[in-house]
Amino acid sequence: MPKEPKGRDRRLETQEESKLLEALKKTIVGDMVRFALETAMRRSEIVHMQWKDVPLTRRTVHIPETKTETPRTIPLSSEACNIPKQRRVVHQLGLVWKITPQSVSTAFRRACKRGGIINLYFHDLRHEATSRFIEKGLSIMEVSTITGHQDLRMLKRYTHIRPESLVDKLG
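Residues numbered from 1 in each chain as written. Predicted model: local features only at pLDDT ≥ 70, side-chain atom pairs only at ≥ 80, totals over all residues. Heavy atoms only, no water.

> Which parts of the structure should I look at to understand the overall build of the protein chain?
Each helix and strand counted, the protein chain has nine helices and two strands in total. Secondary structure elements of the protein chain, listed N to C terminal, follow the sequence α-α-α-β-β-α-α-α-α-α-α. The C-alpha atoms of the protein chain give a radius of gyration of 16 Å, which matches the 16 Å a tight globule of 171 residues would have. Here the C-alpha coordinates of the protein chain stretch approximately 50 × 40 × 35 Å along the principal axes. Each of the 171 residues in the protein chain was classed as buried or not, and the buried ones make up 42%. Pairs at least 24 residues apart make up 69% of the contacts formed inside the protein chain by residues separated by at least 6 positions. In the structure as shown, the protein chain presents an accessible area of about 10400 Å², 56% of it carried by carbon and sulfur atoms. (Helix = DSSP H or I, 4+ residues; strand = E, 2+ residues; numbered from the N terminus. Rg over C-alpha atoms; globule rule 2.2 N^0.38 Å. Buried < 20%, exposed > 50% of the residue type's maximum accessible area, 1.4 Å probe, protein only. Contact = heavy atoms within 4.5 Å. Areas by Shrake-Rupley, 256 points an atom, 1.4 Å probe, with all protein chains shown as cover.)

Next comes the structure, spelled out in structure tokens:
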């Protein structure tokens, strides 16, 4: 069997998140970046979110169609819950984000260029969020429930723990 490629291990470096968000300030894509960092959702999952699947009173978002064809319901942090709330109009139906996946990627790429951020893709935010969940102390089962990873091998591929985050745990 051929060896599986290593995969990306790109995480946001110090100051990159603030530069990226500054370059996307007050834009729909800026809100989507913040949402992705809080949920570890894929770009396509975020773009296709519908208001009917976001019962904000329960602080969850239901993703009926995923890459793995396994629907999942994602718990939302208070920060993640506030992002769609700010976009909501009374009795709004349809898509939460009215933008195409390609437009998201284009805006993201341009923001990275403006911010001097090299070699970062929207999908890297999924890696970043997954790693942050682990660093916060969520269990592997809790993280896989959020991310939808069905086996440990794939979850490991998305988790890139910074050694500095382990220092306090070691004492």
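> Teacher, can you tell me more about the nonpolar core here?
Across soluble globular proteins, you tend to see nonpolar side chains buried next to one another. Formed by 42 residues in total, the largest nonpolar core has its most connected members in Leu 20, Val 33, Phe 35, Met 49 and Trp 97. Of all the secondary structure elements, the ones that give two or more residues to this core are helix 1 (16-23), helix 2 (28-39), helix 3 (43-47), strand 1 (60-63), helix 4 (78-87), helix 5 (101-115), helix 6 (124-136) and helix 7 (140-147). Top contributing element to this core by residue count: helix 2, with six residues. Those residues in contact with Phe 35 that lie beyond four places of it in its chain are Met 41, Ile 46, Met 49, Leu 76, Ala 80, Ile 83, Pro 84 and Trp 97. (Core = buried A, V, L, I, M, F, W, Y, C linked by side-chain atoms within 4.5 Å.)

> Sorry, what's going on with the packing of helix 2 against helix 4 here?
A pair of packed helices is characterised by two quantities: the angle between their axes and the separation of those axes. Two elements in contact, helix 2 and helix 4, have axes separated by 9 Å at closest approach and are oriented at 155°. Relative to helix 4, the element helix 2 lies roughly antiparallel. For the element pair helix 2 and helix 4, the recorded crossing hand is left-handed. Residues Ile 28, Asp 31, Arg 34, Phe 35, Glu 38 and Thr 39 of helix 2 form the contact with helix 4, whose own contacting residues are Glu 79, Ala 80, Ile 83, Pro 84, Gln 86 and Arg 87. Grouping the constituent residues of the contact of helix 2 with helix 4 by class yields five nonpolar, two polar and five charged. (Axes fitted to C-alpha atoms, helices over the stretch in contact; angles between N-to-C directions. Parallel < 35°, antiparallel > 145°, perpendicular 65-115°, else oblique. Left-handed = near helix turned anticlockwise from the far one by under 90°. Nonpolar A, V, L, I, M, F, W, Y, C, P; charged D, E, K, R; others polar.)

> For this particular structure, what's the right way to read helix 2?
Residues spaced three or four apart along an α-helix face the same direction, because each turn holds 3.6 residues. A rise of 1.5 Å per residue sets the reference length of helix 2, with its twelve residues, at 16 Å; its end C-alpha atoms lie 16 Å apart and thus fit the reference within 8%. Of all twelve residues in helix 2, nine are buried; the element is thus mostly enclosed. Along helix 2, the residues classified as buried are Val 29, Gly 30, Asp 31, Met 32, Val 33, Phe 35, Ala 36, Leu 37 and Thr 39. Looking at the residues trailing helix 2, positive phi occurs at Ala 40, about 65°. (Expected span 1.5 Å × (residues − 1).)

> Even after reading the chapter, I still don't get the packing of aromatic side chains, so can you show me in this structure?
Where two aromatic rings form a pair, the distance of their centres and the angle of their planes describe that pair. Tallied over the full model, the rule gives two aromatic pairs. The interplanar angle of 75° and the centroid separation of 5.5 Å between the aromatic rings of Phe 108 and Phe 122 together place this pair among those described as edge-to-face. Of this pair, Phe 108 sits in helix 5 while Phe 122 sits in the loop between helix 5 and helix 6, placing them 14 residues apart in sequence. Accessibility classification places Phe 108 together with Phe 122 in one group, the buried group. Lying over the aromatic face of Tyr 158, Arg 126 brings its terminal NZ or CZ to 5.3 Å of the ring centre. (Phe/Tyr/Trp six-rings, centres within 6.5 Å; stacked < 30°, edge-to-face > 60°. Lys NZ or Arg CZ within 6 Å of the ring centre and 35° of its normal.)

> What am I meant to see in the side chain of His 160 here?
Within the secondary structure, His 160 is located in the loop between helix 8 (152-158) and helix 9 (167-170). Judged by relative accessible area, which is 15%, His 160 ranks as buried. Discounting chain neighbours no more than four positions away, the residues touching His 160 are Arg 8, Asp 9, Arg 11, His 127, Ser 131 and Glu 135.

Coordinates in, geometry out; function isn't part of it.
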